[in-house]
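Residue-level structural notes
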Amino acid sequence: MDDKKKQALKFGVYVFIILAVLTIGEYFIAVAGLPWWTALYGIAILKAWFVIQHYMHLPRLFGEEEKH
Amino acid sequence: MTTADYRTEYKYKLGTNRLGLWLFLLSDSFFFGGLLVSRFYLMGNTRPHLEQTLGLIVTAVLLVSSFFMNRAETAMAHGDQKTFLQGTLITLVLGVGFLVGVVGVEWQLAPFGPNDGAHGALFYMMTGMHAFHVLTGVIFLGIVYNNGRKGLYTAEKHWAVEACATYWHFIDVVWIFFYPALYLIGTVVS
């Protein structure tokens, strides 16, 4: 039980690090004045996917994860 | 009713509860999607003059709050009451911090009002409606925290915690799209 919890908490940290790096990336793209607007929205979609998949646990809706 | 029947019924209810919540979030996302489309239709490749550093700070605050919300929910799913309460409380405080940053600071610093053309109207509408959702999320967090202190949730039964976490992350997803639309994309117009 404890190992499972630690693993789940660690996974949350990994997702957070990815989100933080992507956020910093989009900030610097904008501050540098680069006209990469498609890239900015690509990053936003990627960030949203990470949150929906791993924080909101969308697969639970389809019964792909265990129920509590 | 036997224990097995009760468990089956609870699992069934959990499934329908999840579906109901996601349908609500889907309908809410159409509203936010409409605002986003309006922003690009009316403002095109321009954006309002806003404080970049503050935008990054409030975005970071919301991102960190999502992390702690996930931590709280994961802890509750494994029966760790202490980490759950800590995570929920930190999320709540960060949610209030986000509100202060947007409504209390950014709205005061913005060099335009809600009636100063499309930029003003869209900026206050988008941030205002999002802030309203953050406020309801903070109230939801407060209720869940209070119930959690009373020991109403267990590792087996904590639907309210899951619903609160899902709603909070949804608020984060909305901001993930609003942040570049308002702060990053386009050239600044004063």
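Presented here is an overview of the structure given in this document. This one's a predicted model, so the numbers in the text were calculated from it and none came from an experiment. (Residues numbered from 1 in each chain as written. Chains lettered and ligands numbered in written order. Predicted model: local features only at pLDDT ≥ 70, side-chain atom pairs only at ≥ 80, totals over all residues.)

With respect to the overall build of chain A
Which entries qualify depends on this criterion: A run of H or I in DSSP counts as a helix once it spans at least four residues, and a run of E counts as a strand once it spans at least two, with each numbered from the N terminus. Using C-alpha atoms as the atom set, the radius of gyration is obtained and then compared with a globule rule of 2.2 Å times the number of residues to the power 0.38. Burial is judged by counting other C-beta atoms within 10 Å of a residue's own C-beta: 20 or more means buried, 12 or fewer means exposed, and anything between counts as partly exposed, with every C-beta placed from the backbone.
Looking only at helices and strands, chain A has 2 helices and 0 strands in total. A globule of 68 residues ought to have a C-alpha radius of gyration of about 11 Å, yet chain A, at 16 Å, is considerably larger. Each principal axis of the C-alpha distribution contributes one length, and for chain A these read about 50 × 25 × 10 Å. The buried share of chain A, taken over its 68 residues, is 19%.

A closer look at the overall build of chain B
Secondary structure summary: chain B contains 5 helices and 2 strands in total. Helices and strands appear in chain B in the N-to-C order α-β-α-α-α-α-β. Reported as C-alpha extents along the three principal axes, the dimensions of chain B are approximately 65 × 30 × 20 Å. For chain B, buried positions account for 41% of its 190 residues.

Things to note about unusual backbone geometry
With phi around 50°, His 57 of chain A is a residue other than glycine that occupies positive phi space. By the secondary structure assignment, His 57 of chain A is in the segment after α2 (37-55).

As for the interface of chain A and chain B
Basically, it comes down to this: Note on contacts: each residue gets a C-beta atom placed from the backbone, and two residues are in contact if those atoms are within 7 Å. Three residue categories are used. Nonpolar comprises Ala, Val, Leu, Ile, Met, Phe, Trp, Tyr, Cys and Pro, charged comprises Asp, Glu, Lys and Arg, and polar comprises the others, including Gly.
Taken together, the contact between chain A and chain B spans 28 residues of the former and 30 residues of the latter. Listed by contribution, the elements that provide at least two residues to the side of chain A that touches chain B are α1 (2-31) and α2 of chain A. Here the side of chain A that touches chain B gets 13 residues from one element, more than from any other, and that element is α1 of chain A. Grouping the amino acids of the side of chain A that touches chain B by side-chain chemistry returns 19 nonpolar, 3 polar and 6 charged.

Focus: the nonpolar core
If you look at soluble globular proteins, the nonpolar side chains tend to sit buried side by side. For the record, the criterion: Here, a nonpolar core means buried Ala, Val, Leu, Ile, Met, Phe, Trp, Tyr and Cys residues linked by C-beta atoms lying within 7 Å of one another.
Ranked by internal contacts, the top residues of the largest apolar core, which has 56 residues, are Val 174, Phe 178 and Leu 182 of chain B. Among the secondary structure elements, those contributing two or more residues to this core are α1 and α2 of chain A together with α1 (3-43), α2 (52-77), α3 (81-109), α4 (117-149) and α5 (159-184) of chain B. Here this core takes 18 residues from α5 of chain B, the largest share from any one element. Sequence-distant contacts of Val 174 of chain B, defined by excluding residues within four places in its chain, comprise Phe 32 and His 130 of chain B.

Details of the packing of α2 of chain A against α5 of chain B
Worth spelling out the cut-off: Every axis corresponds to a line fitted to the C-alpha atoms, with the helix fit spanning only the stretch in contact, and the corresponding angles, defined between N-to-C directions, vary from 0 to 180 degrees. Comment on the angle field: the value is read as roughly parallel under 35 degrees, roughly antiparallel over 145, roughly perpendicular from 65 to 115, and oblique elsewhere.
In the contact formed by α2 of chain A and α5 of chain B, the axes pass within 9 Å of each other and the chain directions differ by 170°. In this view, α2 of chain A runs roughly antiparallel relative to α5 of chain B, as classed from their interaxial angle. Every residue of α5 of chain B that contacts α2 of chain A at Leu 40, Tyr 41, Ala 44, Lys 47, Ala 48, Val 51, Ile 52 and Tyr 55 of chain A is listed here: His 169, Asp 172, Val 173, Ile 176, Phe 177, Pro 180 and Leu 184 of chain B. Looking at the contact of α2 of chain A with α5 of chain B residue by residue, the classes come out as 12 nonpolar, 1 polar and 2 charged.

Describing α4 of chain B
Let me state the cut-off plainly: In this scheme, a helix's expected span is set at 1.5 Å multiplied by one less than its residue total.
Taking 1.5 Å per residue, 33 residues should reach 48 Å; α4 of chain B reaches 48 Å between its end C-alpha atoms and fits that length. The positive-phi residue at the C-terminal boundary of α4 of chain B is Gly 151 of chain B, with phi of around 75°.

A closer look at α2 of chain A
Condition: Starting at the helix axis, one direction is taken to each C-beta atom, and the arc is that of these directions.
Taking 1.5 Å of rise per residue, 19 residues should cover 27 Å, and α2 of chain A covers 26 Å from first to last C-alpha, within 8% of that figure. The complete set of buried residues in α2 of chain A reads Leu 40, Ala 44, Lys 47, Val 51 and Tyr 55 of chain A. Seen end-on, α2 of chain A carries its buried residues on one side only, within an arc spanning 65°. Turned more than 90 degrees away from the buried face of α2 of chain A, the exposed residues are Thr 38, Ile 45 and Gln 53 of chain A. Those residues of α2 of chain A that are buried lie in contact with α1 of chain A together with α2 and α5 of chain B.

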